[in-house]
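These are the residues of each chain, in order.
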Amino acid sequence: MSTLKVAVIPVAGRGTRWMPISRSVPKELLPVWRRTSASYAFEEAVSAGFEEIIFVISPDKHDVLEHFLRFDASDLGPDYSGLSWSKLHERVRVHACIQEKPRGLGHAILCAEHDVAGRPFAVLLPDEVLMDNGISMLLDCSPAVLLMDVPFEQRANYGIVVPEERDGALWIRDLVEKPKPEDAPSSLAVTGRYTFTPEIFECLRTQAPGLAGEIQLTDAMRRYTAAHPLRGVIYRGVRHDVGQPSGLLTASLDFGLRDPEYGDSLRAAVAELLKK
Ligand code: G1P
């Protein structure tokens with residue numbers, strides 16, 4: 001049994017890539033096939049056995065919390081078909097804390113400090129939809145971060161690590177947030193799943209603003225790794241970056257094409273579109 005019981009899901013981002021729709025609909029509630037984009041990270045946390053899920057919301061994103069408070073077990077995948085809404089909410093406590101101003105991912109996580117209350121915890125970024133449960137891969141080697149191999153031109157979109165192999169395991173020696181591809185120290189990118197001990201909060205509290213003038217989680221992790229050896233685990237499953245409009249559409253198509261009810265008709269419609 002994992003000692004990690006609490007997961008933090010930050011959903012306070014401004015959604016600038018999603019203008020104009022994000023003016024009226026939070027990007028986390030945009031659909032990926034027949035569900036909301038953030039529900040995939042939520043399901044991942046539920047299925048990995050987390051008992052408490054804290055959403056970090058901005059003051060205008062109460063709809064996201066409402067969505068998950070109303071979330072029915074039948075909205076989850078087939079593994080949960082025997083579970084009722086009340087059972088889901090008996091098993092998992094869902095609540096939120098507020099990030100008053102958009103000051104970066106690191107600051108958003110810091111906003112959850114009071115609610116995390118000195119426990120080890122996980123962070124799941126809902127922009128990443130991982131079809132094979134990513135967070136569960138970190139539970140036995142916490143604190144840890146999930147990594148993936150990315151092509152050269154995509155390295156500027158992610159935190160990139162300096163990996164080190166020791167005692168048959170992968171460790172993080174250093175990290176850099178969104179380097180120019182030619183300056184990236186490796187091809188291994190941080191994939192939006194992390195587990196930490198509460199000491200990360202000390203690093204976040206004293207972290208100076210970095211890239212884009214924001215408090216970056218990656219920068220705080222550089223200082224955290226100095227005192228707390230951080231493992232790296234490589235994810236090789238299917239993954240979609242639904243923080244990008246094209247990624248959201250690709251994810252929808254991927255789920256849609258696998259859908260026993262609609263897959264065939266969708267395939268035919270896409271083939272027709274591609275002829276144009
Ligand atoms: C964030 C992190 C970055 C990480 C990425 C994963 O960036 O800052 O280190 O690689 O998530 O999706 P964002 O995509 O929120 O700008």
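All of these numbers come straight from a predicted model, not from anything done at the bench.

### What about the overall build of the chain?
Move 1: The helix and strand inventory of the chain stands at 9 helices and 13 strands.
Move 2: Relative to a compact globule of 276 residues, whose C-alpha radius of gyration would be 19 Å, the chain shows 19 Å and is just as compact.
Move 3: Projected onto its principal axes, the C-alpha positions of the chain cover 55 × 45 × 40 Å.
Move 4: For the chain, with 276 residues in total, the buried portion stands at 53%.
Move 5: Taking the intrachain contacts of the chain between residues at least 6 apart in sequence as the baseline, contacts between residues at least 24 apart amount to 74%.
Move 6: Counting only carbon and sulfur atoms, one obtains 52% of the accessible surface of the chain, whose full area is about 13400 Å².
Move 7: For the chain, the separation between the mean place of its 31 positive charges and that of its 38 negative charges on side chains is 3 Å.

### So, helix α8 (residues 245-258)
Move 1: Compared with an ideal rise of 1.5 Å per residue, which puts 14 residues at 20 Å, α8 spans 20 Å between its outermost C-alpha atoms and is within 8% of the ideal.
Move 2: Among the residues of α8, those classed as buried are Gly 247, Leu 248, Ala 251, Ser 252, Asp 254, Phe 255 and Gly 256.
Move 3: Contacts from the buried residues of α8 go to β2 (31-32), α1 (39-47), β7 (128-130), β13 (239-241) and α9 (263-274).

### Remarks on the site of the ligand
Move 1: The immediate surroundings of the ligand are formed by Leu 105, Leu 125, Glu 128, Tyr 158, Gly 159, Glu 177, Lys 178, Val 190, Gly 192 and Thr 218.
Move 2: Here Val 190 contributes a backbone N or O atom positioned 2.8 Å from an oxygen atom of the ligand.
Move 3: The contact in question runs from an oxygen atom of the ligand to an N or O atom on the side chain of Thr 218, over 3.3 Å.
Move 4: Bound to the protein, the ligand loses 84% of the 380 Å² it would expose on its own.
Move 5: Classifying every residue of the shell around the ligand by side-chain character gives 4 nonpolar, 3 polar and 3 charged.

### As for the environment of Val 8
Move 1: For Val 8, the position within the fold is in strand β1 (residues 6-10).
Move 2: For the pair formed by Val 8 and Val 56, sequence separation is 48 residues and the distance between their alpha carbons is 7.2 Å.
Move 3: In contact with Val 8, not counting residues within four places along its chain, are Ile 54, Val 56, Ile 109, Ala 112, Val 116, Phe 121, Ala 122, Val 123 and Leu 124.

### A few points about the pattern of salt bridges
Move 1: Overall, the coordinates contain 20 salt bridges when judged by the stated rule.
Move 2: The partner of Glu 177 in a salt bridge is Lys 178, with the nearest N and O atoms 3.1 Å apart.
Move 3: You can call Glu 177 buried: its relative accessible area is 13%.
Move 4: What makes Lys 178 partly exposed here is its relative accessible area of 36%.

### So, the pairing of strand β6 (residues 121-124)
Move 1: Here β6 shows no split at all, with Phe 121 and Val 123 on one side and Ala 122 and Leu 124 on the other all buried.
Move 2: Where β1 and β6 come together, 3 bridges link them in parallel fashion. Bridge pairing in β6 places Val 6 opposite Phe 121.
Move 3: Sheet topology places β6 next to strand β11 (residues 188-196); 4 bridges connect them, and they run antiparallel. Bridge pairing in β11 places Leu 124 opposite Arg 193.

### Focus: the packing of aromatic side chains
Move 1: In the structure shown here, the tally under the stated rule is 11 aromatic pairs.
Move 2: Consider the rings of Phe 68 and Phe 71, whose centres lie 5.4 Å apart with planes at 25°: the pair is stacked. Each member of the pair, Phe 68 as well as Phe 71, is classed as buried.
Move 3: Residues Phe 121 and Phe 196 carry aromatic rings whose centres are separated by 5.9 Å and whose planes lie at 50° to one another, so their mutual orientation is tilted. With a gap of 75 residues between them, Phe 121 in strand β6 and Phe 196 in strand β11 connect regions that are remote in the sequence.
Move 4: One aromatic cluster in this structure is built from Phe 121, Tyr 194, Phe 196, Phe 201 and Tyr 224.

### Let's talk about the nonpolar core
Move 1: Among the nonpolar cores identified, the biggest contains 37 residues, and Phe 42, Phe 50 and Phe 55 are the most heavily contacted of them.
Move 2: Those elements that provide at least two residues to this core are β1, α1, β4 (52-57), α2 (62-70), β6 and β8 (144-149).
Move 3: The element best represented in this core is α1, accounting for 4 residues.

Parameters and conventions
Residues numbered from 1 in each chain as written. Predicted model: local features only at pLDDT ≥ 70, side-chain atom pairs only at ≥ 80, totals over all residues. Heavy atoms only, no water. Helix = DSSP H or I, 4+ residues; strand = E, 2+ residues; numbered from the N terminus. Rg over C-alpha atoms; globule rule 2.2 N^0.38 Å. Buried < 20%, exposed > 50% of the residue type's maximum accessible area, 1.4 Å probe, protein only. Contact = heavy atoms within 4.5 Å. Areas by Shrake-Rupley, 256 points an atom, 1.4 Å probe, with all protein chains shown as cover. Lys, Arg positive; Asp, Glu negative; His and termini not counted. Charge placed at Lys NZ, Arg CZ, Asp CG, Glu CD. Expected span 1.5 Å × (residues − 1). Near = heavy atom within 4 Å. Polar contact = N/O pair within 3.5 Å; in protein donor to acceptor, adjacent residues only side chain to side chain. Nonpolar A, V, L, I, M, F, W, Y, C, P; charged D, E, K, R; others polar. Salt bridge = Lys/Arg side-chain N within 4 Å of Asp/Glu carboxyl O. Pairing = 2+ DSSP bridges. Phe/Tyr/Trp six-rings, centres within 6.5 Å; stacked < 30°, edge-to-face > 60°. Core = buried A, V, L, I, M, F, W, Y, C linked by side-chain atoms within 4.5 Å.

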